[in-house]
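Working through the structure, step by step
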Amino acid sequence: MQETLDPVRMGIEGVFYSLAHVPELVRFGSKPAREIKVRPELEDELEKRLRSFSAATAYAPHQVFIGNLSPEELRERKQPWYENLIDGASATGRFGDLVDQESFYALLAKADQFKLVSFDEAWAASHLNLFAVPKPGQLRPAGEIAALYKNGALPLRSGGRLVGGFEAGHAEDVNLSADILLENLAAKASAAHALKSLCASLRLEVGEIDHVISCSEEAVGDRYNRGGGNLAKAIAEEAGCVNAAGGDVKSFCAGPMVAMVYGASLIQSGVCRNVAVVAGGSLAKLGMKFQSHLEKGMPILEDVLASFAVLLAPARKGKPCIRLDSAAFHRVGAAGSPQGMAEALAAAPLKKLGLTLTDVDRYAVELHNPEITLPSGSGDVPRANYRTLAALAVMRGQIKKEQMEEFVRERGMIGYAPTQGHIPSAVSYLGHALEALRDGRIRNALFISKGSLFLGRMTQLSDGCSFLVERNDD
């Protein structure tokens, strides 16, 4: 007998987040690479302000990201968080983990199918956890590694020591240069780790996933195909999802929300049953604000590659779900101002459901960590978004002006997500939301993401997507 699907609700089975701490890859971030090329002395300054893995693990926003600390608890912690670290912090959380740099090198090597990555064999011998079965050419004498560096390979370091190299895939194709391929392989490796970890946490065989959607912010291309993709299938292969197909969704920072709506729609239509939405870390965005951090004597805080995986399936009674009838997209003709975005992505979809702004228990917006953005003059992004929503509630007569701060505090949260573009944009709260929904602490949460399409120089428009998450009690 064929299963009857709920026409508007699609289940969210779980989510897994991962942070790969890669301090010695920060120099390859887009901003550091450009600035160091002009001012080489910045590289030494940057090196002196890199964090240890233990410091990155004990950093409170990271503990919130992987589920060991709640957003509410973070709000009460003394700042600056980078000076007030958490004693006894664990690298494993309720819905995530932190991965050290050497382990991430191992993930890169395992994900490499084209002899791009190689390591000093003597160094690798003292880090046996790196290679279960090294591929031919991945282990080389120290002299060969040094020669690779001289011939244009990117140097891979550990503790300041040259331990490996990352080569280009083609001598002439800029899309297959070493820096671009490292960005792409880092996204693949980190996303595959998150997907495998999610399946393990759910006790789900990876073969049961039949579709993977990637919303990473990379541009996988090849000769004359620029950014054609498909990273999703590469991630599915690396994770062992032999029965899955896949495809990529691109919408800048709005990508994860769009991908989740698409994935839920595939299930609702009966085309698929188990859909994984995944995203790997953005290496290009490492160290974006590093100069501001250096100027203020701070450690380099943008030193992690964030990734996640979400599993969508048919809705089950008593479990969290997406309301597809709440899904909203920012139309071409809609206003692009903060108020216009809030109207299109919050007020309008809620009105369609007969709800007001005060009927939502939590709003998940762009949850950028303000400790990263404030020193550079970028402001407190989540607080600005919450104040816009509160102002809209005032305009609609749903709260009084003097209740705006109460609205922000009760229905919003302080930012804690790494500045990895697609990662902070609402999806980083999903793990906490699922837990709160299961426990009955909240009835619902509205997820709102925005995307800066103008960055691609193809349009002046922004983009956006939103949907309501609730517990399926029908």
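Before reading on, note that the structure itself is shown above.
The following refers to the structure shown. Given the structure is predicted, the values throughout are model-derived calculations rather than measurements.

Each value, and the rule that gives it
Residues numbered from 1 in each chain as written. Predicted model: local features only at pLDDT ≥ 70, side-chain atom pairs only at ≥ 80, totals over all residues. Heavy atoms only, no water. Helix = DSSP H or I, 4+ residues; strand = E, 2+ residues; numbered from the N terminus. Rg over C-alpha atoms; globule rule 2.2 N^0.38 Å. Buried < 20%, exposed > 50% of the residue type's maximum accessible area, 1.4 Å probe, protein only. Axes fitted to C-alpha atoms, helices over the stretch in contact; angles between N-to-C directions. Parallel < 35°, antiparallel > 145°, perpendicular 65-115°, else oblique. Left-handed = near helix turned anticlockwise from the far one by under 90°. Contact = heavy atoms within 4.5 Å. Nonpolar A, V, L, I, M, F, W, Y, C, P; charged D, E, K, R; others polar. Phe/Tyr/Trp six-rings, centres within 6.5 Å; stacked < 30°, edge-to-face > 60°. Lys NZ or Arg CZ within 6 Å of the ring centre and 35° of its normal. Polar contact = N/O pair within 3.5 Å; in protein donor to acceptor, adjacent residues only side chain to side chain.

Per the secondary structure count, the protein chain includes 17 helices and 15 strands. Since a compact globule built from 474 residues should have a radius of gyration of about 23 Å, the 22 Å found for the protein chain is in line with a globular shape. Projecting the C-alpha coordinates of the protein chain onto the three principal axes gives extents of approximately 70 × 60 × 45 Å. When each of the 474 residues of the protein chain is scored for burial, the buried share is 57%.

Moving on: unusual backbone geometry. The omega torsion across Q79 and P80 is 0°, close enough to zero to call that bond cis. Here P80 shows up in the loop between helix 5 (71–76) and strand 2 (92–93). Phi at F252 is positive, roughly 50°, even though this residue is not glycine. Mapped onto the elements of the fold, F252 is located in the loop between strand 9 (245–248) and helix 11 (255–268). Judged by its relative accessible area of 33%, F252 falls in the partly exposed class. For R457, which is not glycine, the phi torsion reads 60° and is therefore positive. Assignment of secondary structure puts R457 in the loop between strand 14 (444–451) and strand 15 (463–471). The exposure class of R457 is exposed, given its relative accessible area of 67%.

Turning next to the packing of helix 9 (residues 178–202) against helix 10 (residues 231–239). To characterise two packed helices, one gives the angle between the axes of the helices and the distance between these axes. For the pair helix 9 and helix 10, the least separation of the axes is 8 Å and the interaxial angle reads 50°. Accordingly, the angle class assigned to the pair helix 9 and helix 10 is oblique. Classified by chirality, the crossing of helix 10 by helix 9 is right-handed. On helix 10, the residues touching N184, A187, K188, A191, A192, L195 and K196 of helix 9 are L231, A234, I235, E238 and A239. A per-class count over the contact of helix 9 with helix 10 returns eight nonpolar, one polar and three charged.

Turning to the environment of P382, a few remarks are in order. In this fold, P382 is placed in helix 15 (residues 381–395). Counting along the chain gives 239 residues from P382 to G143, while the straight-line C-alpha distance between them is 49 Å. Beyond its immediate chain neighbours, meaning those up to four positions away, P382 contacts V365, E366, L367, H368, M413 and G415.

Turning our eyes to something else, we now look at helix 17 (residues 430–439). At 3.6 residues per turn, the α-helix brings residues three or four places apart onto the same side. Most of helix 17 sits out of view: seven of its 10 residues are buried. In the stretch just after helix 17, G440 is the one whose phi turns positive, near 80°.

A few words now on the packing of helix 6 (residues 101–111) against helix 9. Interhelical geometry of helix 6 versus helix 9 gives an angle of 100° and a closest axis separation of 9 Å. Here helix 6 lies roughly perpendicular to helix 9, going by the angle between them. Between helix 6, through F104, L107, L108, K110 and A111, and helix 9, the contact on the second element is made entirely by L182, L185, A186, K188, A189, S190, H193 and K196. Its residues assigned to classes, the contact of helix 6 with helix 9 shows eight nonpolar, two polar and three charged.

Now for the packing of aromatic side chains. Under the definition given, this model contains seven aromatic pairs. Between Y17 and F65 the ring centres are 5.0 Å apart and the planes differ by 55°, which places this aromatic pair in the tilted class. With Y17 in strand 1 (residues 9–21) and F65 in helix 4 (residues 60–66), this residue pair connects regions lying 48 residues apart in the sequence. A centroid spacing of 6.1 Å and a plane angle of 65° characterise the contact between Y17 and F95, whose relative ring orientation is edge-to-face. Here the residue Y17 occupies a position in strand 1, and F95 occupies one in the loop between strand 2 and strand 3 (96–99), the gap between them amounting to 78 residues. Here Y17 matches F95 in class, with each residue buried. Ring pairs connect the aromatic residues Y17, F65 and F95, which therefore count as one cluster. One cation-aromatic arrangement involves R51 over Y59; the distance from NZ or CZ to the ring centre is 4.7 Å.

Attention shifts here to the side chain of R362. Among the secondary structure elements, R362 is positioned in strand 13 (residues 362–364). Accessibility expressed as a relative area gives 19% for R362, which makes it buried. One polar contact links the side chain of R362 to the main-chain carbonyl oxygen of E410, over a distance of 3.0 Å. For R362, the contacting residues outside a window of four places in its chain are E72, E410, R411, Y429, I442, N444, A445 and L446.

By themselves, these figures tell us nothing about what the structure is for.
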